[in-house]
Amino acid sequence: VQAELPAPFDRLAGVPVFCACNDTWTAVAGLGALRPGYAYNISGTTEVLGVLGADEAEAEGLITVDWRGLWHLGGPSQNGADTASWLVALLDPAGSHDVGERIDVLLAGRRHPQPLIFLPYLQGERVPYWNPNLRGAFLGLNRQHGPTDLAFAVLEGVACLNRVVLERAEAALGRPVDEIRFGGGAAANPAWA
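All figures in this text were calculated on a predicted structure; none of them were measured in a lab.

> Help me get a handle on the packing of helix α2 (residues 81-91) against helix α4 (residues 147-173), residues and values and all.
Between α2 and α4, the least distance of the axes is 10 Å, while the angle of their chain directions is 165°. It follows from the interaxial angle that α2 and α4 lie roughly antiparallel. Of the two possible hands of crossing, α2 and α4 adopt the one that is right-handed. Contact with α2, carried on its side by T83, A84, W86, L87 and L91, involves P147, L150, A151, V154 and V158 of α4 and no other residues of that element. Among the residues forming the contact of α2 with α4, the class breakdown is 9 nonpolar, 1 polar and no charged.

> Which residues make up unusual backbone geometry, and what values do they have?
The peptide bond linking A7 to P8 adopts the cis configuration, its omega dihedral lying at 5°. Within the secondary structure, P8 sits in the segment before α1 (23-30). Between V127 and P128 the backbone carries a cis peptide bond, its omega angle lying at 0°. Tracing the backbone shows P128 in the loop between β5 (117-119) and β6 (137-139).

> So, the pattern of salt bridges: which residues are in play, and what are the values?
By the definition in use, this model includes 5 salt bridges. Where R181 meets E179, a salt bridge forms, and the shortest distance between an N and an O atom there is 2.5 Å. With relative accessibility at 22%, the residue R181 sits in the partly exposed group.

So, how was this worked out
Residues numbered from 1 in each chain as written. Predicted model: local features only at pLDDT ≥ 70, side-chain atom pairs only at ≥ 80, totals over all residues. Heavy atoms only, no water. Axes fitted to C-alpha atoms, helices over the stretch in contact; angles between N-to-C directions. Helix = DSSP H or I, 4+ residues; strand = E, 2+ residues; numbered from the N terminus. Parallel < 35°, antiparallel > 145°, perpendicular 65-115°, else oblique. Left-handed = near helix turned anticlockwise from the far one by under 90°. Contact = heavy atoms within 4.5 Å. Nonpolar A, V, L, I, M, F, W, Y, C, P; charged D, E, K, R; others polar. Salt bridge = Lys/Arg side-chain N within 4 Å of Asp/Glu carboxyl O. Buried < 20%, exposed > 50% of the residue type's maximum accessible area, 1.4 Å probe, protein only.

As structure tokens, this is what we get:
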């Protein structure tokens, strides 16, 4: 903030201000992830995962952005808490649509020993596949599986997609990240975190 501004802004003189082009980059700065060796996962309606490195790198299916010598690899998915919201509405269409509370209730149930695999491509996918025609699926579903199994499968399916992005970015940078900063609404859920 510049000096000699009128009150009440005069009290803010010298305070750094970060301006960004969208909510993702602002969240990355707010999470303290704008440094080499760090990654971020912004878990909102969709997931946005990225890794930052000091060296220029590219990875198949990931967006590469040069932030003046700090290289970003990653990008937005098409899935995240919106996928959990879909499941909540599907399982209880007349019930509460507070997704966080409903997911917590679902995760507290008994889980079948044979987990399901969920492909989270309900609306296609952006990073890393860039294919609007991909579709979701539950694999391994049987009559003993219930709502708790579906909830875990949805969260794990989205998390596994994030893992694919992370692994591609780390491979391109030639090293694992030192730390992942996790933000967004779904970061409040201990099971998803």
